[in-house]
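So the chains spell out like this:
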Amino acid sequence: MESNWKKTSDELLRITFDAANMDAPYRTRECVIDKTLRIASNVISSKDENIGQSSPTARYGCLRWSKEAYDLYLSFRKEGMSHKQACYAKVNGKSPYINEHEYPLSIVKKSLLNGNWNLDKLKEYMYSYGSFTVVTKEEDRRLKTVTTIHEGKARYSNAGINVLNLKEDNETE
């Protein structure tokens, strides 16, 4: 039996594909695609159909963290913060984290809006590359902009970002 997160993300991706092909102005389609892709990415990143949609709540169950971000998270936990507090933590009044896509969603958005992809290609991309990674703001500043899947392959290694894949119970593999 297919899990609920997968059913939910499949439906969100179908809505995204339909929005790309609806009879509406380009900017309207772009806005709908952006929002539904981000929601789908949050679900895929946590494998949880009930995950929050704000950046901090989307981190609650995220299964991909950079080592630097996860170490920072653990330091907040050692200070006595709860999981929620550590995800919402601030340094100098600002979040030290960012939810970052190793393979930017702009790649898929452009392909959808230009009519280059069908629904199966969209699903293949999102399940392969659509998860975000929680990184520190410092790590994010080291990242280069990319516009293709090929360019994305070395993006994190070029920025010195090591990714931890967490289990659903938040223990590292």
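In case you missed it, the structure is sitting above this.
Predicted model only: the values in this text are computed from it and were never measured.

Asks: I'd love a proper account of the packing of aromatic side chains, names of residues and values included.
Replies: Counted according to the given criterion, the structure contains ten aromatic pairs. Residues Trp5 and Tyr127 carry aromatic rings whose centres are separated by 6.2 Å and whose planes lie at 70° to one another, so their mutual orientation is edge-to-face. Of the two residues, Trp5 is situated in helix H1 (residues 4–20) and Tyr127 in helix H7 (residues 119–129); the sequence distance between them amounts to 122 residues. Each ring, one from Trp117 and one from Tyr125, has its centre 5.2 Å from the other, and the planes form 45°; the classification is tilted. No difference in accessibility class separates Trp117 from Tyr125, as the two residues are buried. An aromatic cluster is defined as three or more aromatic residues linked by ring pairs; in this entry it consists of Trp65, Tyr70, Tyr73, Phe76 and Tyr97.

Asks: Could you give an account of the pairing of strand S3 (residues 132–136), with specific residues and numbers?
Replies: With respect to burial, S3 is a largely interior element, five of its five residues being buried. Of the two faces of S3, both are covered, the one formed by Phe132, Val134 and Thr136 as well as the one formed by Thr133 and Val135. As judged from the five bridges shared by strand S2 (residues 97–101) and S3, these two strands associate in the antiparallel manner. Paired with Tyr97 across the strands is Thr136, a residue of S3.

Asks: Outline helix H6 (residues 105–113), listing residues and values.
Replies: Across the nine residues of H6, seven count as buried, placing the element largely inside the fold. All buried positions along H6 are accounted for by Leu105, Ile107, Val108, Lys109, Ser111, Leu112 and Leu113. As for H6, its buried residues are in contact with H1, helix H2 (26–46), S2, H7 and helix H9 (149–152). Looking at the residues trailing H6, positive phi occurs at Gly115, about 75°.

Asks: Which residues make up the packing of H1 against H2, and what are the values?
Replies: Across the interface, H1 lies against H2 with an axial gap of 9 Å and an inter-helix angle of 165°. It follows that H1 is roughly antiparallel to H2 by the angle criterion. In this structure, H1 crosses over H2, and the sense of that crossing is left-handed. Contact residues: Trp5, Thr8, Ser9, Leu12, Leu13, Ile15, Thr16, Ala19 and Ala20 in H1; Arg29, Val32, Ile33, Thr36, Leu37, Ile39, Ala40, Val43 and Ile44 in H2. Counted by class, the contact of H1 with H2 contains 13 nonpolar, four polar and one charged residues.

Asks: Explain unusual backbone geometry to me, and be specific about the residues and the numbers.
Replies: Notably, Lys47 is not glycine yet its phi reads approximately 55°, a positive angle. Looking at where Lys47 falls in the secondary structure, it is placed in the loop between H2 and helix H3 (55–59).

Asks: Lay out the packing of H1 against H7 in plain terms, naming residues and giving numbers.
Replies: Each pair of packed helices can be described by the angle between their axes along with the distance between the axes. At a minimum axis distance of 10 Å, the contact between H1 and H7 shows a crossing angle of 130°. Judged by the inter-axis angle, H1 sits oblique to H7. Crossing hand, H1 versus H7: right-handed. Facing H1, whose interface residues are Trp5, Lys6, Ser9, Asp10, Leu13, Arg14, Thr16 and Phe17, H7 presents Leu119, Leu122, Lys123, Met126 and Tyr127. Its residues assigned to classes, the contact of H1 with H7 comprises seven nonpolar, two polar and four charged.

Thresholds applied
- Here, residues in each chain are numbered from 1, in the same order as that chain's written sequence.
- Side-chain atom pairs in this predicted model are given and counted only at pLDDT of 80 or more, local residue features only at pLDDT of at least 70, and totals for whole chains, interfaces and linings cover all residues.
- Just so you know, side-chain values use all the structure's heavy atoms and leave hydrogens and water out.
- Ring geometry is summarised as follows: Phe, Tyr and Trp rings, the Trp one being its six-membered ring, pair when their centres sit within 6.5 Å, and such pairs are stacked at plane angles under 30 degrees, edge-to-face over 60 and tilted between the two.
- To qualify as a helix, a DSSP run of H or I must reach at least 4 residues; to qualify as a strand, a run of E must reach at least 2; elements of each kind are numbered from the N terminus.
- The classification of residues rests on relative accessible area computed with a 1.4 Å probe and restricted to protein chains. Under 20% of the type maximum is buried, over 50% is exposed, and intermediate values are partly exposed.
- Pairing between strands is defined by DSSP: at least two bridges between them are needed.
- The contact criterion used throughout is that any non-hydrogen atoms of two residues lie within 4.5 Å.
- Axis lines are fitted through C-alpha atoms, for helices just across the contact stretch, and the angle between N-to-C directions can take any value from 0 to 180 degrees.
- Here the word oblique covers every angle except those under 35 degrees (roughly parallel), over 145 (roughly antiparallel) and from 65 to 115 (roughly perpendicular).
- By definition, any crossing whose near helix is turned counterclockwise from its far helix by less than a right angle is left-handed, and any crossing with a clockwise turn is right-handed.
- When residues are grouped by polarity, Ala, Val, Leu, Ile, Met, Phe, Trp, Tyr, Cys and Pro land in nonpolar, Asp, Glu, Lys and Arg in charged, and all others, Gly among them, in polar.

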